[in-house]
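Read off the chains here:
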Amino acid sequence: MGCNIKRKTINTIIYHIILILIAIVTIIPFLWTFSTSLKGQNEAVFSFPPQFIPQTITLENYVTVWNTLPIPRYFINSIILAVFGVILPVILCSMAAFPLARMEFRGRQAIFLIIMATMMIPGEVTMIPTYLIINRVGLMGSYAGIILPGAVSAFGIFLMRQAFLSIPREVEESALIDGAKVWQIWLYILLPMVKPTIATLSILSFIGSWNNFLWPLLILSDPDTYPLTLGLYKLQGTFVANTRLIAAGAMLALIPILVVFLFFQRYFIEAAYSSAVKG
Amino acid sequence: MYRSHHAWMFLLIPGVFLVVFTLLPAIGALGLSFTNYSIFAPVEWMGLKNYARILRDGEFWSAIRVTIYYWLLVTPALVVLPVFLAILVNRDVPGIAVYRLIYYFPVLVSVVVTAMLWKWMFQTDGIINYLLSLFGAAPKSWLTSKNLVIPSLAIVTIWQGLGYYMLFYLSGLQSIPGDLYEAADIEGANFWQSHWHITFPLLRPVIFFVAVVSTMSAFKEFTLMLTMTNGGPIGASTTVVFLVYEKAFGELKMGYASAISCILFLIILFITILNQRILEDDNSV
């Protein structure tokens, strides 16, 4: 019996060692960058063997990045893009999903099928015409050119429709009898009932918007309008490219994602599951 | 109770968005692929000439080879490794939620930051070479070597995807009744036997799902190449979509690039249909 318990303890220890090792492999790139961002100007960034713990830990890189590079500007730009990049898809997708889930009308099935069919078309295939359309409607260089093309997705409509379908009929019937307007039913009765799905769609949109790199790269030319991703990408190649500073910039870009992730963990997992539907 | 004009009222604005930014571009891609459109020059109808040229274009076949190579490295790893990761974290021990969060986090990191983190990892005097040197291996130039660049990028993709696919396996595992394992335990099955006979057969639909999703994303990948290697060295990491990007926005050959993207669409469509066939066969058994 005693032997058995001992074996169990050893197994548990091995189990935890494996978990920790995998965790270390997962976060080593972050730790390394974090360590670089704390190194002083006199310390070599790259040395053999690599120095994980800086000789002197300093926050001066963060201060320098924040004060001398346009990082705060990029940060604000990213936030502006994210706010619109979340609000528009939530409103527009739940607008389209409402009649598709709750109303009977001629052509409903056909419209739903067309929308679902567009999910099969990868964004990589429509990239060039989308670019040309943005150019043609005069949105080049503007945030609208980045936000509008992604505002309505078949996937978002599908997600919201599924949520609306799960609400019992009686809910809106009584409201309609009481003389409520259709948009009031949508806004005050149905939307509050699908809050978890709204959270899921918001999170997916937020990650998509915060990490969006390709479209800002294609559309924006004025450095003052760059979001953080594009700003960091461009900074890497310039003469200010001091590795410690770029590392500090990368860390700053990670913070919002990390904070949102820690606060809304539950929804992130939900969002991951539903995002797989679109493949 | 509702009138049909209510329905159209709600569909109108989102519908316009879908038409302008999804439906039109889809038709546009096909249309452009029959022209020599290049923004500045007058447009000329080319018929199928673009397609004929692509099939004789060495760059295109090189991109196909690179994409398939990348896919062959990434997908098997992302199908197999997350299963074990999910088995590991599918236990009710204190702190397990923290491990799950750590494993999942790389999924959320933007490609630009990912590229920075890993460029430093792969640097000649970086950590990976240092670790290898402990085993007596000579330092390698990972991202600038023709032979190592795709395996290096695959490592980054696997690192980033593990936690994502782990979640799907985890939910698959949690739907397997625990008494199956207890029964196996009583019968004297060891760890490998019980997973081989219980876990893997019951996870089959999830395994298949992960294979399809990771295949699709491998075939569409290019921003990782754009940020880490710019398709190089000498095209060694130029995937199909990267080639589309380069032709369209680098050389402004929009017509030609559209034709390549239409071929990519056919490949992806083929995978989708194949996947549906297999699923149907699976259900009929």
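Reading the values: the criteria
- Residues numbered from 1 in each chain as written.
- Chains lettered and ligands numbered in written order.
- Predicted model: local features only at pLDDT ≥ 70, side-chain atom pairs only at ≥ 80, totals over all residues.
- Helix = DSSP H or I, 4+ residues; strand = E, 2+ residues; numbered from the N terminus.
- Rg over C-alpha atoms; globule rule 2.2 N^0.38 Å.
- Buried ≥ 20, exposed ≤ 12 C-beta atoms within 10 Å, placed from the backbone.
- Contact = placed C-beta atoms within 7 Å.
- Nonpolar A, V, L, I, M, F, W, Y, C, P; charged D, E, K, R; others polar.
- Domains from an automatic or database assignment.
- Axes fitted to C-alpha atoms, helices over the stretch in contact; angles between N-to-C directions.
- Parallel < 35°, antiparallel > 145°, perpendicular 65-115°, else oblique.
- Left-handed = near helix turned anticlockwise from the far one by under 90°.
- Expected span 1.5 Å × (residues − 1).
- Core = buried A, V, L, I, M, F, W, Y, C linked by C-beta atoms within 7 Å.
- pLDDT = per-residue confidence, 0-100.

Undergrad: How should I be thinking about the overall build of chain A in this particular structure?
TA: Along chain A, the regular secondary structure elements total 14 helices and zero strands. The globule rule puts the C-alpha radius of gyration for 279 residues at 19 Å, and the 24 Å found for chain A is more than 25% above it. Along the first, second and third principal axes, the C-alpha set of chain A runs to 75 × 70 × 35 Å. Burial analysis of chain A (279 residues in total) assigns 40% to the buried set. Residue pairs at least 24 apart in sequence account for 73% of intrachain contacts in chain A once pairs closer than 6 positions are excluded.

Undergrad: Honestly, the overall build of chain B in this entry has me stumped. Any pointers?
TA: Secondary structure assignment for chain B yields twelve helices and zero strands. From first element to last, N terminus to C terminus, chain B shows the α and β order α-α-α-α-α-α-α-α-α-α-α-α. The principal-axis extents of the C-alpha atoms in chain B amount to approximately 75 × 75 × 35 Å. The buried share among the 285 residues of chain B stands at 42%. Contacts in chain B between residues far apart in sequence, at least 24 positions, make up 70% of those at least 6 positions apart.

Undergrad: What's the story with the interface of chain A and chain B in this structure? I'm lost.
TA: The figure often quoted for interface size is the accessible area lost as the parts come together. Listed by partner, the interface residues are 65 residues for chain A and 64 residues for chain B. Broken down by element, the side of chain A that touches chain B gets its largest block of residues, eleven residues, from helix α1 (residues 2-37) of chain A. The residue inventory of the side of chain A that touches chain B, partitioned by class, reads 53 nonpolar, nine polar and three charged.

Undergrad: Can you help me understand the domain arrangement of chain A in this one?
TA: All names here are of chain A. For chain A, the assigned domains are domain 1 (2-58) and domain 2 (64-278). A straight line from the C-alpha centre of domain 1 to that of domain 2 covers 35 Å. Each side of the interface is counted separately: domain 1 has six residues, and domain 2 has six residues. Considering only residue class, the side of domain 1 that touches domain 2 consists of two nonpolar, three polar and one charged.

Undergrad: What is the right way to look at the packing of helix α3 (residues 58-89) of chain B against helix α7 (residues 149-174) of chain B in this model?
TA: Two quantities define a packed helix pair, namely the angle between the helix axes and the distance between the axes. Residues and elements named next belong to chain B. Axis separation between α3 and α7 bottoms out at 6 Å; the angle between their running directions is 40 degrees. Taken together, the axis directions place α3 and α7 in an arrangement best described as oblique. Remark: the crossing between α3 and α7 carries right-handed chirality. Residue composition of the contact of α3 with α7, by class: 25 nonpolar, two polar and no charged.

Undergrad: I keep staring at helix α13 (residues 243-263) of chain A and nothing clicks. Help me out?
TA: Residues that lie three or four places apart on an α-helix share one face, since the helix turns once every 3.6 residues. If you check α13 of chain A, its first and last C-alpha atoms are 31 Å apart, about what 21 residues at 1.5 Å a residue would give, namely 30 Å. Taken as a whole, α13 of chain A has its buried residues at Arg 244, Leu 245, Ile 246, Ala 247, Ala 248, Gly 249, Ala 250, Met 251, Leu 252, Ala 253 and Leu 254 of chain A.

Undergrad: Even after reading the chapter, I still don't get the nonpolar core, so can you show me in this structure?
TA: Within soluble globular proteins, side chains that are nonpolar tend to cluster in buried spots. Ranked by internal contacts, the top residues of the largest apolar core, which has 153 residues, are Ala 96 and Ala 250 of chain A together with Met 166 and Ile 260 of chain B. In this structure, Ile 260 of chain B is in contact with Ile 54, Phe 60, Val 240, Leu 243, Val 244 and Lys 247 of chain B, ignoring residues within four places of it in sequence.

Undergrad: Mind showing me how you'd approach the environment of Ile 111 of chain A here?
TA: All names here are of chain A. Looking at where Ile 111 falls in the secondary structure, it is placed in helix α4 (residues 108-118). Since 19 C-beta atoms lie within 10 Å of it, Ile 111 is described here as partly exposed. As for Ile 111 and Val 260, which are separated by 149 residues in sequence, their C-alpha atoms are 35 Å apart.

Undergrad: Please explain unusual backbone geometry as it appears in this structure.
TA: Note: most peptide bonds trans; most residues except glycine with negative phi. Residue and element names in this part refer to chain B. Across the junction of Gly 232 and Pro 233, the peptide omega takes the value -5 degrees, indicating a cis bond. Positive phi, normally seen in glycine, also occurs at Asn 230, with a value near 55 degrees. Looking at the secondary structure, you find Asn 230 in the loop between α10 (223-228) and α11 (240-250). For Asn 230, a count of 12 C-beta atoms within 10 Å puts it in the exposed group. Not every positive phi belongs to a glycine, and Leu 252 is a case in point at roughly 60 degrees. Assignment of secondary structure puts Leu 252 in the loop between α11 and α12 (254-284).

Undergrad: Would you explain the environment of Met 116 of chain A in this entry?
TA: All names here are of chain A. Here Met 116 shows up in helix α4. Accessibility expressed as a C-beta count within 10 Å gives 14 for Met 116, which makes it partly exposed. For Met 116 and Ser 37, which are 79 residues apart along the polypeptide, the C-alpha to C-alpha distance reads 46 Å. Met 116 has contacts with Ala 154 and Phe 158, leaving out every residue within four places of it along the chain.

Undergrad: Help me out: how do you make sense of the confidence of the model for chain B in this one?
TA: Regions with low pLDDT carry predicted coordinates that are not meant to be interpreted in detail. Residue and element names in this part refer to chain B. Looking at chain B as a whole, the pLDDT averages 90, with 99% of positions reaching at least 70. The least confident element of chain B, judged by mean pLDDT, is helix α8 (residues 178-186) at 84; the most confident is α3 at 95. Scoring the predicted complex yields pTM 0.90 and, for the interface, ipTM 0.88.

Undergrad: Mind showing me how you'd approach the environment of Tyr 233 of chain A here?
TA: Residue and element names in this part refer to chain A. Within the fold, Tyr 233 resides in helix α12 (residues 228-236). With 21 C-beta atoms packed within 10 Å, Tyr 233 lands in the buried category. Along the backbone, Tyr 233 and Phe 213 are 20 residues apart, and their C-alpha atoms lie at a distance of 8.9 Å.

Undergrad: Could you clarify how one ought to interpret α8 of chain B in this entry?
TA: Taken across its nine residues, α8 of chain B has zero buried, putting it largely on the surface. Among the residues trailing α8 of chain B, Gly 188 of chain B stands out with phi positive, at a value near 90 degrees.

Undergrad: Is there a simple way to think about the packing of α7 of chain B against helix α9 (residues 191-220) of chain B in this case?
TA: Residue and element names in this part refer to chain B. Relative orientation of the contacting elements α7 and α9 amounts to 155 degrees, with a least axis distance of 9 Å. In terms of orientation, α7 and α9 fall into the roughly antiparallel class. Here the hand of the crossing between α7 and α9 comes out right-handed. Listed contacts from α9 to Gly 161, Tyr 165, Phe 168, Tyr 169 and Gly 172 of α7 are Leu 203, Val 206, Phe 209, Val 210 and Ser 214. In the contact of α7 with α9, the residues fall into seven nonpolar, three polar and no charged.

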